[in-house]
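Report on the structure
The lines below spell out each chain.
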Amino acid sequence: DTEVTQTPKHLVMGMTNKKSLKCEQHMGHRAMYWYKQKAKKPPELMFVYSYEKLSINESVPSRFSPECPNSSLLNLHLHALQPEDSALYLCASSQDPGHRTDTQYFGPGTRLTVL
Amino acid sequence: AQKITQTQPGMFVQEKEAVTLDCTYDTSDQSYGLFWYKQPSSGEMIFLIYQGSYDEQNATEGRYSLNFQKARKSANLVISASQLGDSAMYFCAMREAQRRANSKLTFGKGITLSVRP
């Protein structure tokens, strides 16, 4: 089973709202990722959690705040977003980020619209 | 410098025929991994196939195979017996430098494949 789940599927929020995206995996994977993807573009890495610790932050604005409560859960807290933050947000997980054959498995994504 | 190059802007294939999607890459590492993902209009990125730089044989996974030419730094995806459900965007990706806690994928721009009935 290579399932990564994400909720909600769609989210519409105003620029003053606070919302959270949730990602969950039960495959025992040790790394989890957040990506942002604009239409017709490749995904852009935002954050990586490895063994529940933030290992990569790709200079993401502070209005995006990741959280990894445990090895199965990954949240992305959103606050004071801009319309240009509207995108598909993808979560991924992988078994062992240090292994040569490590493969990332993605969730279905959350389509975010900021008004 | 662009590390993954996918230059085909859009591809069309007749149902039941085979199609090749091109990918070239650039790296100075000896150890790296190459991946192909499929993204239908629904948005989910679906892992298709993996090829390691030290793998001597081309990877295969059902109808998907990878034509790996290391000297030419190319990793083309071959889809045999195309189906209507294969219509999607396809991304080639690479991971270099197997350092712990650094598992970044570099994606190409993607190729749109349309399968005609």
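It should be noted that the structure appears before, not after, this text.
Here's a quick rundown of the structure. (Residues numbered from 1 in each chain as written. Chains lettered and ligands numbered in written order. Predicted model: local features only at pLDDT ≥ 70, side-chain atom pairs only at ≥ 80, totals over all residues. Heavy atoms only, no water.)

With that settled, the discussion passes to the pattern of salt bridges. Residues and elements named next belong to chain A. On inspection of all chains with the given rule, the structure shows five salt bridges over all chains. We note a salt bridge from aspartate 85 to lysine 36, for which the minimum N-O separation is 4.0 Å. Remark: lysine 36 occurs in strand E4 (residues 31-37) and aspartate 85 occurs in the loop between strand E8 (73-79) and strand E9 (87-94); sequence separation between them is 49 residues. What makes aspartate 85 buried here is its relative accessible area of 2%. The partner of aspartate 85 in a salt bridge is arginine 63, with the nearest N and O atoms 2.7 Å apart. (Salt bridge = Lys/Arg side-chain N within 4 Å of Asp/Glu carboxyl O. Helix = DSSP H or I, 4+ residues; strand = E, 2+ residues; numbered from the N terminus. Buried < 20%, exposed > 50% of the residue type's maximum accessible area, 1.4 Å probe, protein only.)

Turning next to the packing of aromatic side chains. Scanning all chains against the criterion turns up 13 aromatic pairs over all chains. Where A:Tyr35 meets B:Phe107, the ring centres are 6.1 Å apart and the plane angle is 85°; that geometry is what we call edge-to-face. In this pair, A:Tyr35 is assigned in strand E4 and B:Phe107 in strand E11 (residues 106-107), connecting two distinct chains. For B:Phe107, a relative accessible area of 11% puts it in the buried group. Ring centres 5.9 Å apart and planes at 65° place the aromatic pair B:Tyr37 and B:Phe47 in the edge-to-face group. With B:Tyr37 in strand E5 (residues 32-39) and B:Phe47 in strand E6 (residues 46-52), this residue pair connects regions lying ten residues apart in the sequence. The class of B:Tyr37 is buried, set by a relative accessible area of 0%. When its relative accessible area of 24% is taken as the criterion, B:Phe47 is described as partly exposed. (Phe/Tyr/Trp six-rings, centres within 6.5 Å; stacked < 30°, edge-to-face > 60°.)

All names here are of chain A. Overall, antiparallel pairing links the four strands, which are arranged E1-E3-E8-E7 in an open sheet. Taken across any chain shown, the strands that pair with only one partner, and hence form the sheet edges, are strand E1 (4-7) and strand E7 (64-70). Neighbour-to-neighbour, the strand axes of this sheet turn through a mean angle of 20°, independent of strand direction. The pairing of E7 with E8 spans five bridges and is antiparallel. What sits directly across from glutamate 67, in E8, is asparagine 75. (Pairing = 2+ DSSP bridges. Axes fitted to C-alpha atoms, helices over the stretch in contact; angles between N-to-C directions.)

Let us look at the state of the cysteines. When the sulfur atoms of two cysteines share a covalent bond, that bond is a disulfide. This structure, assessed with the given rule, holds two disulfides over all chains. Covalently, B:Cys23 is tied to B:Cys92 through a disulfide, its sulfur atoms 2.0 Å apart. The disulfide joining B:Cys23 to B:Cys92 has a torsion of about -65° about its S-S bond and is therefore left-handed. On the criterion of sequence distance, the pair formed by B:Cys23 in the loop between strand E3 (19-21) and strand E4 (24-25) and B:Cys92 in strand E10 (residues 88-96) is long-range, its members being 69 residues apart. For the pair B:Cys23 and B:Cys92, one class covers both residues: buried. With no disulfide partner, A:Cys68 has as its closest neighbouring cysteine sulfur the one in A:Cys23, 9.4 Å distant. You can call A:Cys68 buried: its relative accessible area is 14%. (Disulfide = S-S within 2.5 Å.)

Glancing now at the environment of B:Ser42. Topologically, B:Ser42 is positioned in the loop between E5 and E6. According to the relative accessible area criterion, B:Ser42 is exposed, its value standing at 53%. Considered as a pair, B:Ser42 and B:Glu15 are 27 residues apart in the sequence and their alpha carbons are 21 Å apart. When neighbours within four sequence positions are excluded, B:Ser42 is seen to be in contact with A:Pro108 and A:Arg111. (Contact = heavy atoms within 4.5 Å.)

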